[in-house]
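# Architecture and fold: a report
Spelled out, the chains give:
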Amino acid sequence: MPAIDDASGDLPITGSLVVPAGVLSWRFSRSSGPGGQGVNTADSRVELSVRPLDLPGLSEHQQQRLAGRLGSRLVDGVLTIAASEHRQQLRNRQAARERMAAVLRAALAPPPPSRRRTKPTKGSQERRIQAKKQRGQLKKQRGSWD
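In this report, the structure presented in the accompanying data block is examined. (Residues numbered from 1 in each chain as written. Predicted model: local features only at pLDDT ≥ 70, side-chain atom pairs only at ≥ 80, totals over all residues. Heavy atoms only, no water.)

Moving on to the overall build of the protein. When its secondary structure is counted, the protein shows three helices and five strands. Along the protein, from the amino end to the carboxyl end, the secondary structure elements read β-β-β-β-α-β-α-α. Here the protein holds 146 residues, and the buried ones make up 24% of them. For the protein, long-range pairs separated by at least 24 residues make up 61% of all intrachain contacts whose partners lie at least 6 apart in sequence. Total accessible area computed for the protein in this model is approximately 10,400 Å², and 50% of it derives from carbon and sulfur atoms. (Helix = DSSP H or I, 4+ residues; strand = E, 2+ residues; numbered from the N terminus. Buried < 20%, exposed > 50% of the residue type's maximum accessible area, 1.4 Å probe, protein only. Contact = heavy atoms within 4.5 Å. Areas by Shrake-Rupley, 256 points an atom, 1.4 Å probe, with all protein chains shown as cover.)

Here it is in structure tokens:
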């Protein structure tokens, strides 16, 4: 299995989920920004697209989680990641693969456990009331001129 920084091949997401290279769709275009003499000829901007709900090896639960979390980012069921921060196409391809893996990994992650509400301890409640009374006494003493 190739490493994640390899610009081609399968894309590992989790230990059990790998996106096959055949379902990854690449598009290349000219990138804006600096680039020297090759800026007008080099197609260094990269768009990586995948249909996350059609990935092989996903359970029904994982598909529902992906649909819920990526719903606003999907256009006709396709998730697209663009990368144009580097001047070389290969580095942009690596950046797009890393970003795609991070997005899918975050979308598949289970939700954090819900917060268990706690009551303040009796001691902390007493200290709070005592501090309020002390502050009130201080303010009451300021008012008298005798």
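There is more to say after this.
In a structure, side chains of opposite charge can pair up when their charged atoms sit close to one another. Inspection of every chain in the model, using the stated rule, returns three salt bridges. As a salt-bridge pair, arginine 99 and glutamate 85 come within 2.6 Å of each other at their nearest N and O atoms. Remark: glutamate 85 occurs in the loop between strand E5 (79–83) and helix H2 (89–108) and arginine 99 occurs in helix H2; sequence separation between them is 14 residues. Since its relative accessible area comes to 46%, glutamate 85 is described here as partly exposed. Each of Arg27, Arg45 and Glu47 takes part in salt bridges that share partners, so that together they form one network. (Salt bridge = Lys/Arg side-chain N within 4 Å of Asp/Glu carboxyl O.)

It is the contact of helix H1 (residues 60–70) with H2, at a shortest axis distance of 8 Å, that shows an interaxial angle of 110°. In this view, H1 runs roughly perpendicular relative to H2, as classed from their interaxial angle. Along this stretch, H1 crosses H2, giving a crossing that reads as right-handed. For the pair H1 and H2, the contacting residues are Gln62, Arg65, Leu66, Arg69 and Leu70 in the first and Val103, Leu104, Ala106, Ala107 and Leu108 in the second. Tallied by class, the residues present in the contact of H1 with H2 amount to seven nonpolar, one polar and two charged. (Axes fitted to C-alpha atoms, helices over the stretch in contact; angles between N-to-C directions. Parallel < 35°, antiparallel > 145°, perpendicular 65-115°, else oblique. Left-handed = near helix turned anticlockwise from the far one by under 90°. Nonpolar A, V, L, I, M, F, W, Y, C, P; charged D, E, K, R; others polar.)

Relative to the assigned elements, leucine 17 resides in the loop between strand E1 (11–12) and strand E2 (18–19). For leucine 17, a relative accessible area of 5% corresponds to the buried category. When neighbours within four sequence positions are excluded, leucine 17 is seen to be in contact with Pro12, Pro56, Leu58 and Leu108.

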